[in-house]
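# Structural overview
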Amino acid sequence: MSTDLYTHPDYYNMDDLLSDEHKLIRDTARAWVKQNVSPIIEDYYERADFPKQIIPGLGEIGAFGPYIPTEYGGPGLDQISYGLIMQELERCDSGLRSTSSVQSSLVMYPIWKYGSEEQKQKFLPKLASGEFLGCFGLTEPDHGSNPGGMITNFKDMGDHYLLNGAKMWISNAPLSDVAVVWAKNEEGRIHGLLVEKGMEGFSAPEMHGKLSLRASITGELIFNDVKVPKENLLPGRSGLGAPLSCLDSARYGIAWGALGAAMDCYDQALRYSKERIQFGVPIGAFQLTQKKLAEMITEITKAQLLTFRLGQLRNDGKATSAQISMAKRNNVEIALNIAREARQILGGMGITNEYSIMRHMANLESVVTYEGTHDIHLLITGMDVTGIPSFTREAPDLSKMK
Amino acid sequence: MKFLVCISKVPDTTSKIDFTDNNSKFNEAGVQFIVNPYDEWYALVRALELKESLGGSVTTITVGPATDEPIIRKALAIGADNAVRINAEPGDAYFTAHQIAEYAKANAFDVVLTGKETINYNGSQIGGMVAELMGTPYISLATKMDLNGNTATLEKEMVGGVEIVEVNTPFVLSAAKGMAEQRIPNMRGIMAARTKPLEVIEPVPCDDLTSFVSFELPPEKSEVKLVDADNIGELVNLLHNEAKVI
Ligand SMILES: Cc1cc2nc3c(=O)[nH]c(=O)nc-3n(C[C@H](O)[C@H](O)[C@H](O)COP(=O)(O)OP(=O)(O)OC[C@H]3O[C@@H](n4cnc5c(N)ncnc54)[C@H](O)[C@@H]3O)c2cc1C
C-alpha cells in the first residue's frame, strides 16, 4: 500500500466541539495506526492473518476498554474518546476495530458491569493491557438475529456448572484467553459465564474462507461437558438484556468506526480526483465526480453530527438502544455507499490493494451484518416509533403501541 | 541532570499556507497545529532517554499564548516532567531566545535542547542566541549526544564526514535528525499529562530587534515538459535556451 496520507474531513468544524485531550487521544491513535498498522494491513488482509504483534500497542493507545476506570487498569476515558479511538482504528481497517470493540465492549464491559470484584481484578487489568485477549459468544449456528432462541446451556452440578453447546462467528475466539459465553440455565434463563482457555472440553477452532474482515480472526466455540467453576458466572445480571447491553456499547463504537471507514474512502477519492488527469483536466473538474464527492461529504457531515450527539447522550447515560441502532445502521450504510462511489472515482486503481477502499468495502459487508443486521436495526427503529414489535410472524403484541 | 527542552507550535505540514495583514501575518484560520517535529522527535525524546538512564528531570519551555497549551500537553504526554509557558506572543527570535535564556539561567539547567529549526520559519536562531545570552557553549545540528558525568560527547554531520565534539555542561544544543526516534505517547502518558505542572510565567521586558515586513508564497510550479528519450538534442536545447541552466 502507498504511504498513508490520511487527514480527516471536518466540513462543519466538528473539531471545535472536541476537548484538547480528545484531539490528543485521536491524533495519538492515528499516529500509532499510521506507524504500526497501515504499512502491514494489506499483507495481513490478503493472507487472512491477524497481526498479533500489534495487541500490546492497542493496549498502550487505550483501545482496550477506553472507558474502564483506572482502578481496573483502564484509561477511564469518556465515551467520545472511545468513539474517536474506534474511528481511527476502523479508518485503517474494520477488522482492527472489531478486535478492539470485542475486547472493550463485549468482554471488558460485561465483566466491569456484571462481574464480581474478584472477576474484575482478575481479568480487567490484563485485558486492558492486551496481555489477555477475550471474545464474546452469543451467536450460534442456528441462532443469529434471534439469539434468545439459543440452545447452549449449563447445569448446576453443585460445586460447578456443566456447559454444553456451540457458538459460531466469534471474533477473536481462536486466540482468546477468556470467552464471555451466554448460555441458558435449567430454567431457560440466559447468564454470562467466563470460560477460560484450557478448560477441559472447550475448544475454539478457527473459521476459514471469510472474504471480508480478513485481518480479524473468527472462530467457533465448542463446549463439550465443560466444567465451569461457579465463581466464573457473571453474578450481576441475567436475561437477554445482559448481552444486549454489551451490544449497545459495541454498536456505539461501530457507529464511530464505520464513519472512520467512510472518511478514509472520501479522503482518498478527493485526493485522487485532484491528481488524476483525463481529457486534459483533473477528474475532479467533472460535474459527475463533484456530485459524488459533494454527496459523500454531505453524508459524512450528517453522520458526524449524529454520532457526536450520540456520544454526548452516552456520556450522560441517556442514549437509548434504539438511538444507538439508528446510528449503527445509518453510518454503516453511508460508509458502504461512500466506499462504492469512492471506488468508482478511482477507476481501475480503485480495485487494487494500492488503496484501502476495496478492502473497506468488503469489510463493511460484515459490519452491516454483525451486531444486528441492517434490517434488524430498521425493525428496532420501527418498533421504537410505533411501539409494535414486528420481529416474528406471530400476531403482533399491540399492548405497548404508542 | 536537568534538561530544558524548547518546544514550539508549528502548522501541520499539510496546512494550506496564506497570509493576512498585507502579507505580514500568517493566517491561522483552519490550521492544525503540531509540536515542531525537530523539538518533539529529536530534542525531547533524547532528553527523555538520557533522563531515563541517568536520572534527573525534563522540563519543556514554550514562549507563546494559552492557545499553545495543547502542544505543551502533548510534550507532557510523551514524558516531560513539567512545563513552563512564557505568556507572550513570540516576537522575533531575539525576544523568544531572551525569554528562554532568562528562565534557563534562573533555574540552572545542565543541558538546553532545541530543534535544529522550526518547520514554519526555519530560522535556526534560537539555540545560538540562548547560548550567547547564557554565556554557554552551543553545539548546532547535533545528531547524537551521550553524557558521561558532566561531559557530553556530540556528533554532528558535516560534508563528507562526522565531527565529534566534547563539551562540559551547561551547554545548549540544537538537535537534528538521527538524535532519537519519534515516540508516540501512550494512554498512560496522556492521562498523566492531565496533572503534570504547567507553570505560566509572565515575560521579562524585551524588545524585538527585527520585524516581519511581508511574506511571499513560492511561485506556482510550472508545467513539466517531457522530452522523448531519443531526442537528447532537444533536451540540451531546452536546458540551454529556455531553462538557461547549462
Ligand atoms: C465477521 C463476523 C464476526 C462476528 N463476530 C461475532 C462475535 O464476536 N460474537 C457473536 O456472538 N457473533 C458474531 N457474529 C455473528 C453476527 O452477529 C451474526 O452473523 C448476525 O447477528 C446475523 O446472524 P446470522 O448470520 O445468523 O443471520 P440471520 O439471523 O440468519 O439473518 C439472515 C437474514 O435474515 C434477516 N432476518 C432475520 N430475522 C429477521 C426478521 N425478524 N425480520 C426481517 N429480517 C430478518 C437478516 O436481516 C438477514 O438479512 C459475527 C459475524 C461475522 C460475519
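In what follows, the accompanying structure is described. Since the structure is predicted, the reported quantities are computational estimates derived from the model, not experimental observations.

### Considering the environment of A:Phe123
All names here are of chain A. Within the secondary structure, Phe123 is located in helix 6 (residues 117-129). Residue Phe123 is classed as buried on the basis of its relative accessible area, which comes to 2%. Sequence separation between Phe123 and Gly73 is 50 residues, and the spatial gap between their C-alpha atoms is 9.7 Å. In contact with Phe123, other than residues within four places in its own chain, are Ile111, Phe132, Val178, Leu194 and Glu196.

### Describing the interface of chain A and chain B
Each partner contributes to the interface: chain A provides 20 residues, whereas chain B provides 14 residues. For the pair chain A and chain B, the summed buried surface comes to about 1,300 Å²; carbon and sulfur atoms form 64% of the total. A per-residue breakdown of the area chain A buries against chain B is headed by A:Glu21, A:Leu24 and A:Glu60, which together make up 35% of the total. At the boundary of chain A with chain B, the tally comes to one salt bridge. One salt bridge in this structure joins B:Arg194 and A:Glu21, with 2.7 Å as the shortest N-O distance. Summed over the shared surface of chain A and chain B, the number is two residue pairs in polar contact (both at pLDDT 80 or more). Here the side of chain A that touches chain B takes eight residues from helix 1 (residues 20-36) of chain A, the largest share from any one element. The class makeup of the residues in the side of chain A that touches chain B is eight nonpolar, eight polar and four charged.

### Side note on helix 8 (residues 287-315) of chain A
Helix length check: helix 8 of chain A, at 29 residues, gives a terminal C-alpha distance of 42 Å against a target of 42 Å (1.5 Å per residue), a fit within 8%. Residue A:Gly317 follows helix 8 of chain A closely and has a positive phi angle near 70°.

### Remarks on a negative patch on the surface
Together, A:Glu71, A:Glu117, A:Glu118 and A:Glu231 make up a region of like negative charge exposed at the surface. Residue classification places A:Glu71 among the exposed positions, given a relative accessible area of 58%.

### As for the pairing of strand 9 (residues 138-148) of chain B
Residues and elements named next belong to chain B. Examined bridge by bridge, strand 9 and strand 12 (residues 171-175) share three bridges and lie parallel to one another. Opposite Ile139, over in strand 12, you have Leu173 as the bridge partner. Linking strand 9 back to strand 10 (residues 151-158) in an antiparallel pair, the connection comprises two residues, with Gly149 at a positive phi of about 60°.

### Regarding the side chain of A:Glu88
Residue and element names in this part refer to chain A. Looking at the element boundaries, Glu88 is found in helix 4 (residues 79-92). A relative accessible area of 1% means that Glu88 is categorised as buried. Excluding residues within four positions of it along the chain, Glu88 makes contact with Tyr6, Arg26, Ala29, Arg30 and Val33.

### Concerning the sheet that holds strand 6 (residues 57-63) of chain B
Residue and element names in this part refer to chain B. Pairing within the open sheet is mixed, and its nine strands lie in the order 11-10-9-12-8-1-6-7-13. Strands at the two margins of the open sheet, each flanked by one partner only, are strand 11 (161-168) and strand 13 (198-201). Sheet twist, expressed as the mean angle between neighbouring strand axes with direction ignored, is 30°. Relative to strand 8 (residues 111-115), strand 1 (residues 2-6) runs parallel, the two sharing three bridges. From the neighbouring strand, Leu4 faces strand 8, where its bridge partner is Val112.

Parameters at a glance
Residues numbered from 1 in each chain as written. Chains lettered and ligands numbered in written order. Predicted model: local features only at pLDDT ≥ 70, side-chain atom pairs only at ≥ 80, totals over all residues. Heavy atoms only, no water. Helix = DSSP H or I, 4+ residues; strand = E, 2+ residues; numbered from the N terminus. Buried < 20%, exposed > 50% of the residue type's maximum accessible area, 1.4 Å probe, protein only. Contact = heavy atoms within 4.5 Å. Buried area = accessible area lost by both parts, 1.4 Å probe. Salt bridge = Lys/Arg side-chain N within 4 Å of Asp/Glu carboxyl O. Polar contact = N/O pair within 3.5 Å; in protein donor to acceptor, adjacent residues only side chain to side chain. Nonpolar A, V, L, I, M, F, W, Y, C, P; charged D, E, K, R; others polar. Expected span 1.5 Å × (residues − 1). Patch = residues over 30% accessible without salt bridge, like charges linked within 9 Å, V, L, I, M, F, W, Y side chains within 5 Å. Areas by Shrake-Rupley, 256 points an atom, 1.4 Å probe, with all protein chains shown as cover. Lys, Arg positive; Asp, Glu negative; His and termini not counted. Charge placed at Lys NZ, Arg CZ, Asp CG, Glu CD. Pairing = 2+ DSSP bridges. Axes fitted to C-alpha atoms, helices over the stretch in contact; angles between N-to-C directions.

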